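What follows is each chain in one-letter form.
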Amino acid sequence: MTKHVVVVGGGIVGCATAYFAARDGLRVTLLERRELAFGASGRNPGFVWLHCRNPGFALEVSLRGRALYPELLEELPGGFEFRPNGGLIYFNTPEQGTVFEEFVAARRAHGLEVELIDGAEVRRLVPPIREDVLGASFCPLDAQITTSTVVRALAAGARAEGAEVREGVGVDALLLAGDEVVGVVTDEGPLEADAVVVAAGVWSRGLLAGLGIDVPIGHERLQVLATDPLPPSIEALVYGPLATKQYQLFRELPSWDAGLFTAGYEDERAIEMLLLLAQRENGEILMGCPMDYPEEIDLRPTLAGLLATARAVSEDFPGLRNVPMNRAWAGSLPYTADMVPVIDEVRPGLFLAAGHVFGNAAGPMTGRLIAQLVQGQEPEMDLSEARFDRGLAPIELGAAARW
Ligand SMILES: Cc1cc2nc3c(=O)[nH]c(=O)nc-3n(C[C@H](O)[C@H](O)[C@H](O)COP(=O)(O)OP(=O)(O)OC[C@H]3O[C@@H](n4cnc5c(N)ncnc54)[C@H](O)[C@@H]3O)c2cc1C
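Starting afresh in each chain, residues are numbered from 1 along the sequence in its written order. Side-chain atom pairs in this predicted model are given and counted only at pLDDT of 80 or more, local residue features only at pLDDT of at least 70, and totals for whole chains, interfaces and linings cover all residues. Here the side-chain values reflect all heavy atoms present in the structure, with hydrogen atoms and water set aside.

**Considerations on the packing of helix α1 (residues 12-23) against helix α5 (residues 147-160)**
Two measures define how a pair of helices packs: the angle their axes make with one another and the distance between the axes. To be explicit about the condition: Note on definitions: angles span 0 to 180 degrees between N-to-C directions of axes, and those axes are lines fitted to C-alpha atoms, for helices only across the stretch in contact. Strands here mean DSSP runs of E at least two residues long; helices mean DSSP runs of H or I at least four residues long; both are numbered from the N terminus. The scheme is simple: roughly parallel for angles under 35 degrees, roughly antiparallel for over 145, roughly perpendicular for 65 to 115, oblique for anything else. Two helices cross in a left-handed way if the nearer one is turned anticlockwise from the farther one by less than a right angle. They cross in a right-handed way if the turn is clockwise. Residue contacts are defined here by distance: any two heavy atoms, one from each residue, within 4.5 Å place the two residues in contact. As a working rule, the residues Ala, Val, Leu, Ile, Met, Phe, Trp, Tyr, Cys and Pro are called nonpolar, Asp, Glu, Lys and Arg charged, and the rest polar, with Gly in that last group.
In the contact formed by α1 and α5, the axes pass within 8 Å of each other and the chain directions differ by 25°. On the basis of their axis angle, the class for α1 and α5 is roughly parallel. Handedness of the α1/α5 crossing: left-handed. Residues Ile12, Cys15, Ala16, Ala18, Tyr19 and Ala22 of α1 lie in contact with α5, whose contacting residues are Thr147, Val150, Val151, Leu154, Ala155, Gly157 and Ala158. Residue classes in the contact of α1 with α5 are distributed as 11 nonpolar, two polar and no charged.

Here it is, written out as structure tokens:
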């Protein structure tokens, strides 16, 4: 008999799981408590960001995930927004430039294609940027998606392969028979399954806590500001120097000095800027991302976040000071202590695909890997770094989590 798989969560990970499992001939039901892309997948600015992925599983799964996009674009009904224009991290001072030279050398040693470009090239790629920008690291593999369009295309692809995708149905608990998970309890009643895949992002921890399983997944709030649609001007994805301190890769460089990459208005325990910019196909410019660590999952933007974004963007992009703003939002980004997601069978019948810091790059590939695990196949990637029992450290609530 065909295996019935219930997938919990309609973000990029859950919808990719549903798509690949249905394509492999499994019977799939996806349950989303709110609407597709309600969570982090509908709130992020769409960076498929190879540039700063740590070597090992994180970089490998991201490279493979990046390579999946052109295939998905062909396969999925309706398509989605995908702009393979590369990404850059600019710098403004010679001292920062020294750190970037080391960064580019380190990335190349990891086998990633990254180069240094000069200030004139940065100004060509990002016309609203400050005149005195000195240069940038540039990774041609970085690409931009509008993640909600990818999520909906994956769900449409899953439906076309026979999956049932249900919005407005929440899972309140997991059904147990002995040690085995045999289904879910939804707000409409029980539903039996041969396998349950929990892909509920930051909410996965709460769901598994009901079984007495502690999954150390933290939640970090990031905020985004969007302009009205504007004429196209920004081709590449853009990160600013303030963003570098979020990455261990930068922090471990010999000439790293956090003081070179910190603004006076930032505060590690209150708000820091993952300074970024991206323009969507419809012309909206997205600006972000202030980061903080509320104790509870909180999807509301804050005045402090908006202020820090306005300050950072207006200092570095004088050409944007007077553009019409349209809206602001916040989302909750999941992470584990080692910044690698959990992709594993954690109890018989229970699969966990959660804790993604960089779900745009890794989400589609995670769905494919989980579909393979559910079928008892050897996964196409070595998953030892993503195992549940790898000895994940606990999460320190409220503390800055470096990626
Ligand atoms: C503002 C922001 C910026 C980011 N920037 C980037 C970026 O540029 N690049 C990148 O790669 N990553 C980025 N991330 C991270 C990225 O968004 C996540 O890695 C990715 O979206 C995680 O996908 P997911 O499917 O695991 O979770 P989500 O997208 O959060 O999906 C989980 C879904 O599960 C549903 N759900 C929860 N509980 C239940 C339940 N009990 N029953 C049914 N449904 C349930 C939720 O409603 C939600 O829709 C960012 C995140 C944020 C918030």
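**Topic: the pattern of salt bridges**
This is how it is decided: Criterion for a salt bridge: a side-chain nitrogen of Lys or Arg within 4 Å of a carboxyl oxygen of Asp or Glu. Relative accessibility thresholds used throughout: buried, under 20% of the residue-type maximum; exposed, over 50%; partly exposed, between the two (1.4 Å probe, protein chains only).
With the rule as written, the count across this model stands at 22 salt bridges. Residue Arg205 is joined to Asp214 by a salt bridge in which the shortest nitrogen-to-oxygen separation is 3.0 Å. For Asp214, a relative accessible area of 51% translates into the label exposed. For Arg390, the salt bridge goes to Asp338, with nearest N and O atoms at 2.7 Å. Of this pair, Arg390 sits in the segment after α9 (359-374) while Asp338 sits in the loop between β18 (325-335) and β19 (342-347), and the two are 52 residues apart along the sequence. Classification of Arg390 as partly exposed rests on a relative accessible area of 22%. Three or more residues are tied together by salt bridges with common partners; here these are Glu60, Arg64, Arg368 and Glu380.

**Structural notes on the domain arrangement of the protein**
Our working definition: Each domain's limits were defined by an automated method or a database of domain assignments. Between N or O atoms, a polar contact is any pair within 3.5 Å; within protein, one atom must be a potential hydrogen donor and the other a potential acceptor, and residues adjacent in sequence are included only when both atoms are from side chains.
Taken domain by domain, the protein comprises domain 1 (4-77 + 147-216 + 337-386) and domain 2 (87-140 + 218-335). Facing 24 residues of domain 1, the contacting portion of domain 2 comprises 35 residues. There are zero salt bridges connecting domain 1 and domain 2. There are six residue pairs in polar contact (both at pLDDT 80 or more) connecting domain 1 and domain 2. Broken down by secondary-structure element, the contributors of at least two residues to the side of domain 1 that touches domain 2 are β3 (47-48) and α2 (57-75).

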